[in-house]
2 protein chains.
Amino acid sequence: MERHFDEELKDLNLLILKMASVAEEAIFKSVEALRRQDKKLAEEVIGSDKIIDDLELEIDERCIDLLATKQPMAKDLRFITTGIRITTDLERIADLAVDIAERAEELVDQPLVKPLIDIPKLAVLAQEMVKGALDSFVKRDIDLARNVRNRDDEADHLRDLVQKELIEIVSQDGSKAPRSIPLLLVARHLERICDHATNIAEDVVYMVEGMVIKHRPF
Amino acid sequence: MERHFDEELKDLNLLILKMASVAEEAIFKSVEALRRQDKKLAEEVIGSDKIIDDLELEIDERCIDLLATKQPMAKDLRFITTGIRITTDLERIADLAVDIAERAEELVDQPLVKPLIDIPKLAVLAQEMVKGALDSFVKRDIDLARNVRNRDDEADHLRDLVQKELIEIVSQDGSKAPRSIPLLLVARHLERICDHATNIAEDVVYMVEGMVIKHRPF
């Protein structure tokens, strides 16, 4: 028996949310691995990348099948094409968590050049932005999406703080470069995660506005 | 009069190729700006980002319209959904060229810490990979796509070379950090461009294989 279109859309929603929560968890764990210098946790993040890749394939297949078999119009069409774009961003977010975990592995046997303060803040921001962007997608909530987009400057600011401080440390003592540069990169990886969350939020704004345009009486 | 579907697909092809060539040019110019310490050229790259964003919107709109009005099946459906994904990658590639141009601006008034050798090589590789990936998409050529994907290791290797050399320079003389770290980041930006080209190539493999599966007699 053919399943109802609304049910299939709900399933698609759930799968995308699942992919997002795996990505969020990877961000959290990668920074925890760095903070606690925990090699096993870093490896766990690196290993979890396959789950994300499989989810991406599954979601894409479902989107393409829905397009092919249900030939959705207007708002459902936009929802599904936005879904295709969002999985790309989530996959990159998970890749960046793997990048962070690799930096954590590089630093696991050496004392940290400084206590981590702004990096964990940036990690929390990144997780909140990813969560907010996905909520805005599922609820088709343009205000929530705009909220996420507005926090991108915060991310840039935190990354700049980390970067400036680490360049100062290295300028004063070049021998600290191999322990400082990975941290500088982690701040950049986290800021890029925020960029991807911003992209998702912008796609949602565009999706909702497109829906509105398509639904205007003239 | 309604236009023919094949013609509209051809137009879509041309638009995607145009977006790719703007992105390729931005990569070239951003690294030229760095090499020649040319502030004006760097600004030009930063300004060209709007062209890419406009092209992305236009291509997406056309894809969504084609999905809505023509309800394409099988291979055309996959071609269009792959098109949606590719514009996302091209937009990120252009963003990364802007990142490189911003690093070029930071370095414009200071002598380079070392002559640039591997960075221009990496830039050429990045342009070739982007071009190859797009060719493979338009020609639906799985061998060409696999070729692009196989060059990703070259990109990682070149980035690692640049990174190692610059960390050594900074380790020996910390005061060179503010001039070395932007170059290290440029190598990373270029390697990420190669990653995006690889993503496009993988999407093409997946698209062509998907077409084959859909076309199997059983």
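For clarity, every value in this text was computed on a predicted model and none was experimentally measured.

Conventions used here
Residues numbered from 1 in each chain as written. Chains lettered and ligands numbered in written order. Predicted model: local features only at pLDDT ≥ 70, side-chain atom pairs only at ≥ 80, totals over all residues. Heavy atoms only, no water. Contact = heavy atoms within 4.5 Å. Buried area = accessible area lost by both parts, 1.4 Å probe. Salt bridge = Lys/Arg side-chain N within 4 Å of Asp/Glu carboxyl O. Polar contact = N/O pair within 3.5 Å; in protein donor to acceptor, adjacent residues only side chain to side chain. Helix = DSSP H or I, 4+ residues; strand = E, 2+ residues; numbered from the N terminus. Nonpolar A, V, L, I, M, F, W, Y, C, P; charged D, E, K, R; others polar. Core = buried A, V, L, I, M, F, W, Y, C linked by side-chain atoms within 4.5 Å. Buried < 20%, exposed > 50% of the residue type's maximum accessible area, 1.4 Å probe, protein only. Least-squares fit on C-alpha atoms with pLDDT ≥ 70 in both.

Peer 1: In this structure, what is going on with the interface of chain A and chain B? I would like to understand it.
Peer 2: Bring the parts together and some accessible area is lost; that lost area is often taken as the interface size. Between chain A and chain B, the contact holds 39 residues from the first and 39 residues from the second. Among the residues of chain A in contact with chain B, Arg85(A), Arg92(A) and Tyr206(A) are the three that bury the most area, contributing 17% of the side total. Linking chain A to chain B there are 10 salt bridges. Between Arg85(B) and Asp60(A) there is a salt bridge, and its shortest N-O distance comes to 2.3 Å. Our count for the chain A to chain B interface comes out at 12 residue pairs in polar contact (both at pLDDT 80 or more). At the level of elements, helix 3 (49-70), helix 4 (74-106), helix 7 (152-172) and helix 8 (177-215) of chain A are the ones that each hand at least two residues to the side of chain A that touches chain B. Grouping the constituent residues of the side of chain A that touches chain B by class yields 16 nonpolar, 10 polar and 13 charged.

Peer 1: Before we go on, may I ask you to explain the nonpolar core in this structure?
Peer 2: Generally speaking, soluble globular proteins have nonpolar side chains that are buried together. Counting 156 residues, the largest nonpolar core has Leu90(A), Leu190(A), Leu90(B) and Leu190(B) as its most contacted members. Ignoring sequence-local partners within four residues, the contact set of Leu190(B) consists of Ile27(B), Val31(B), Ile100(B), Ile119(B), Leu122(B), Ala123(B) and Ala126(B).

Peer 1: Where do I start with the relation of the copies chain A and chain B in this structure?
Peer 2: Look at the two chain copies: a rotation about an axis and a shift along it is all it takes to match them. Expressed as a screw operation, the relation of chain A to chain B combines 0.0 Å of axial shift with a rotation of 180°, fitting to an RMSD of 0.0 Å. Taken together, the rotation and translation relating the two chain copies correspond to the operation of a two-fold axis. Taking C-alpha positions as the reference, the residue of chain A nearest the rotation axis is Gly174(A), at 1.8 Å. When the interface residues of chain A are mapped onto chain B, 100% of them are again interface residues, pointing to one common binding face.

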